Amino acid sequence: MTEQERNKIIYQFAQKYLLDNAEGLTREILEEYFQNPRKDTLDDIFGMVLSSAVDWHKPKTKVLQYEFRKEKIRKLTGNGSVSYVVRTFGNKPDTLYEVFREKLLLDDKKFVIDTWRSYSNCICGMAKYLNKFGTSRNVYAYFDKFQSPEEKFALIDEVHNASRCDKTRSSGWGFALTANFLKDIGMMGYCKPDRYVMKVLTTLDICAKADAEAFRALSMIAYSVRKEDETATVFKLDRMLWLIGSGDFYKHPEIKWKGNLDDFIEKLKWKI
């Protein structure tokens, strides 16, 4: 069996398994879970930068209170305005941090200081990066040029570097969060593989247990299947595997899930 044949089986069987094991699920309903609309404005894209903090420091978000403070964060960044952040803070993330420290009443614990400085660094870096495009249309026109798996890695690396305004202070988003940002702004060729996806790929010996390797594997599968099925995307494949693993049809609570991830993996083993 060629890699192309294997990839096609994985992709098609995932969709078939969902339809066969979810009572009340139709192709039309399933399609709703594959929608990932793009943002209308540059500031809408920037809004995903501001909200990324929740994922960035997920184990400690309760301590940092991002959700509780999100409206204040938006206000302090000019209602989430790219141009305001560039004009007001420019290349000085420490200035933004000082505003956060004063207005959000941050304490002086080292973890809190380091985290909010990193967050400020990312906000200033991404504002500068996005601002050069001028409009959301220009952002997507540029991002869409990156089509192959290797090209997508190059874009992830570019955005990762942009997420550090002060290169000496912070490592920025890293691979997983950069890919997740691109997914969250409606780029269908990107995802942040979770534990369900990782289990499928590693159990089938498709890749090592690492975010970059999992992303590469999903990209290669979707890219090869796309030659015959233009609807095939990394986001869609990732979402199918997530639905199989979680059984969470959150838009349709009436759907009854009868499958499970281990069963899916075992049946897929026999096919590939």
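Everything discussed here concerns the structure shown above.
The shown structure was predicted, so the numbers you read here are calculated from the model rather than taken from an experiment. (Residues numbered from 1 in each chain as written. Predicted model: local features only at pLDDT ≥ 70, side-chain atom pairs only at ≥ 80, totals over all residues. Heavy atoms only, no water.)

Caption draft 1: Structural context of the packing of helix α8 (residues 93-103) against helix α9 (residues 110-131). Contact geometry for α8 and α9: axes closest at 8 Å, N-to-C directions at 125°. It follows from the interaxial angle that α8 and α9 lie oblique. The two elements α8 and α9 cross, and the hand of that crossing is right-handed. Within the contact between the two elements, α8 uses Pro93, Asp94, Leu96, Tyr97 and Phe100 and α9 uses Ile113, Trp116, Arg117, Tyr119, Ser120, Asn121, Ile123 and Cys124. Classifying every residue of the contact of α8 with α9 gives 9 nonpolar, 2 polar and 2 charged. (Axes fitted to C-alpha atoms, helices over the stretch in contact; angles between N-to-C directions. Helix = DSSP H or I, 4+ residues; strand = E, 2+ residues; numbered from the N terminus. Parallel < 35°, antiparallel > 145°, perpendicular 65-115°, else oblique. Left-handed = near helix turned anticlockwise from the far one by under 90°. Contact = heavy atoms within 4.5 Å. Nonpolar A, V, L, I, M, F, W, Y, C, P; charged D, E, K, R; others polar.)

Caption draft 2: Representation of the environment of Asp44 in the model. Secondary-structure assignment places Asp44 in helix α3 (residues 42-51). Taking the C-alpha atoms as reference points, Asp44 and Val82, 38 residues apart in sequence, are found 9.4 Å from one another.

Caption draft 3: Up close: the environment of Glu228. Position of Glu228 relative to the elements: it lies in the loop between α14 (211-225) and α15 (234-246). Overall, the relative accessible area of 54% leaves Glu228 in the exposed class. Ignoring anything within four residues of it in the chain, the contact list for Glu228 reads Gln4 and Lys8. (Buried < 20%, exposed > 50% of the residue type's maximum accessible area, 1.4 Å probe, protein only.)

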